[in-house]
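Now for the letters of each chain:
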There are 2 protein chains.
Amino acid sequence: MDLALNEAREAGTRGEVPVGAVLVLDGAVIAAAGNRTRERNDPTAHAEMLAIRDACVRLGQERLAGADLYVTLEPCAMCAAAISFARVRRLYYGAADPKGGGVAHGPRFYAQATCHHAPEVYSGIAETASADLLRGFFAARRT
Amino acid sequence: MDLALNEAREAGTRGEVPVGAVLVLDGAVIAAAGNRTRERNDPTAHAEMLAIRDACVRLGQERLAGADLYVTLEPCAMCAAAISFARVRRLYYGAADPKGGGVAHGPRFYAQATCHHAPEVYSGIAETASADLLRGFFAARRT
């Protein structure tokens, strides 16, 4: 999660909402990414999406069975679904996102009967550090 | 929707699940894509995602206000969320997807309080042609 926090910090210095994600398989980091929606003019370029796409391309496979994802913020529904499609084994996330989250809030993607693979979910990992980054970013933007 | 059906057909000939999507802005097609998850080893490469990403990059903006999306199958939650993030104005889709859809089924993304922009949704457009393509594809795979 420290690596994910670094990715989030770097995203913040690029003017992006500071969220970072890291994928680990068999004890090795296979992808790490921060949010790049502004830089790329791409509303789908959330940290989790970029990490999943990078890892899949790198491994030459559509699925990441056995991989664990660390992300600093509760994934939105888009990312929650992508995590499911990629067959990620465990999801560890930091801050909860009552306004945009899709795991413990709103669509609660993994709780739906239409969800064909749900990762094990562990929330509140480095929650304070993750949330502080986001709070600092939005406070700075308001001033 | 004819263009979207063509994209779906072409996806099928590539061995992909035959789904196609077209984005229209001010009467002009700004992006058209078929499913490419297998070809790209990318579980996020659904037709809608590729069309949205292409259009945003082409227009140099993260949002597609005023754009309308035509897609042959009910979008999943991942795509439904991306459509919302991109501020697509109207969503026209063909076949319903009770097993994986995220608009009228399962997470019903646009019905959630956490959804900040919902397009106008029109379903059942060229439904038979869209569904026939999918049925034919899966029937051929089973034999």
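Before reading further, recall that the structure is shown in the block above.
Fair warning: this is a prediction, and the values are worked out from it, not measured in the lab.

Peer 1: Give a detailed account of the pairing of strand 3 (residues 68–73) of chain B, specifying residues and quantitative values.
Peer 2: The side chains of a regular strand alternate, first on one face of the sheet and then on the other. Residue and element names in this part refer to chain B. Among the six residues in strand 3, five count as buried, and that is most of the element. Of the strand pairs in this sheet, strand 1 (residues 20–25) and strand 3 are connected by four bridges, and their pairing is antiparallel. Note on strand 3: the bridge partner recorded for Val24 is Asp68. In this region the chain leaves strand 3, passes through helix 4 (residues 77–85) and returns to the parallel neighbour strand 4 (residues 90–95); the handedness of that crossover is right-handed.

Peer 1: Can you explain the interface of chain A and chain B? Please cite residues and give values.
Peer 2: With 32 residues of chain A in contact, the opposing surface of chain B contributes 32 residues. Counting the surface lost from both chain A and chain B, the interface buries some 2500 Å², and carbon and sulfur atoms represent 67% of this. When residues of chain A are sorted by the area they lose upon contact with chain B, Asn41(A), Pro43(A) and Glu62(A) head the list and together hold 24% of the total. The closest approach of N and O atoms between Asp42(A) and Arg53(B), which form a salt bridge, is 3.6 Å. Inspection of the chain A/chain B interface yields four residue pairs in polar contact (both at pLDDT 80 or more). For the side of chain A that touches chain B, the secondary-structure elements that each account for two or more residues are helix 2 (47–59) and helix 3 (77–85) of chain A. Across the side of chain A that touches chain B, the residue classes break down as 15 nonpolar, 11 polar and six charged.

Peer 1: Tell me about the relation of the copies chain A and chain B, and please be specific about residues and values.
Peer 2: Its rotation angle being 180°, the transformation that places chain A on chain B also includes 0.0 Å of axial translation and leaves an RMSD of 0.0 Å. The operation mapping one copy onto its partner corresponds to a two-fold rotation axis. Ranked by how close their C-alpha atoms come to the rotation axis, the residues of chain A are headed by Met78(A), at 1.8 Å.

Peer 1: Outline the sheet that holds strand 3 of chain B, supporting the account with residue identities and numerical values.
Peer 2: Residues and elements named next belong to chain B. The five strands lie next to each other as 2-1-3-4-5, forming an open sheet whose pairing is mixed. The open sheet has two edge strands, strand 2 (28–34) and strand 5 (120–122), and neither has a second partner. Sheet twist, expressed as the mean angle between neighbouring strand axes with direction ignored, is 15°. Pairing of strand 3 with strand 4 involves five bridges; the strand directions are parallel.

Peer 1: Tell me what's going on with the packing of aromatic side chains, and back it up with residues and numbers.
Peer 2: How two aromatic rings sit relative to each other is given by the distance of their centres and the angle of their planes. Residue and element names in this part refer to chain A. Summed over all chains, the structure comprises eight aromatic pairs over all chains. Residues Tyr70 and Tyr92 carry aromatic rings whose centres are separated by 4.6 Å and whose planes lie at 5° to one another, so their mutual orientation is stacked. Taken together, the positions of Tyr70 in strand 3 (residues 68–73) and Tyr92 in strand 4 (residues 90–95) put the pair 22 residues apart, joining distant regions of the chain. Seen in terms of ring centroids, Tyr92 and Tyr122 are 5.1 Å apart; in terms of plane orientation they differ by 20°. Their pairing is stacked. Here the residue Tyr92 occupies a position in strand 4, and Tyr122 occupies one in strand 5 (residues 120–122), the gap between them amounting to 30 residues.

Peer 1: Explain helix 5 (residues 127–142) of chain B residue by residue, including any values.
Peer 2: Residue and element names in this part refer to chain B. Spanning 16 residues, helix 5 covers 23 Å between terminal C-alpha atoms, matching the ideal 22 Å at 1.5 Å per step. Among the residues of helix 5, Ser130, Ala131, Leu133, Leu134 and Phe137 are the ones counted as buried. Mapping the buried residues of helix 5 onto a view down its axis gives an arc of 150°, with all of them on the same face. Facing away from the buried surface of helix 5 by more than 90 degrees, the exposed residues are Thr128, Arg135 and Arg142. Lining the buried residues of helix 5 we find helix 1 (2–13), strand 3 and strand 4.

Parameters and conventions
Residues numbered from 1 in each chain as written. Chains lettered and ligands numbered in written order. Predicted model: local features only at pLDDT ≥ 70, side-chain atom pairs only at ≥ 80, totals over all residues. Heavy atoms only, no water. Buried < 20%, exposed > 50% of the residue type's maximum accessible area, 1.4 Å probe, protein only. Helix = DSSP H or I, 4+ residues; strand = E, 2+ residues; numbered from the N terminus. Pairing = 2+ DSSP bridges. Right-handed = clockwise from strand over helix to strand, strands pointing away. Contact = heavy atoms within 4.5 Å. Buried area = accessible area lost by both parts, 1.4 Å probe. Salt bridge = Lys/Arg side-chain N within 4 Å of Asp/Glu carboxyl O. Polar contact = N/O pair within 3.5 Å; in protein donor to acceptor, adjacent residues only side chain to side chain. Nonpolar A, V, L, I, M, F, W, Y, C, P; charged D, E, K, R; others polar. Least-squares fit on C-alpha atoms with pLDDT ≥ 70 in both. Axes fitted to C-alpha atoms, helices over the stretch in contact; angles between N-to-C directions. Phe/Tyr/Trp six-rings, centres within 6.5 Å; stacked < 30°, edge-to-face > 60°. Expected span 1.5 Å × (residues − 1). Arc of directions from axis to C-beta.

These figures capture arrangement, not role.
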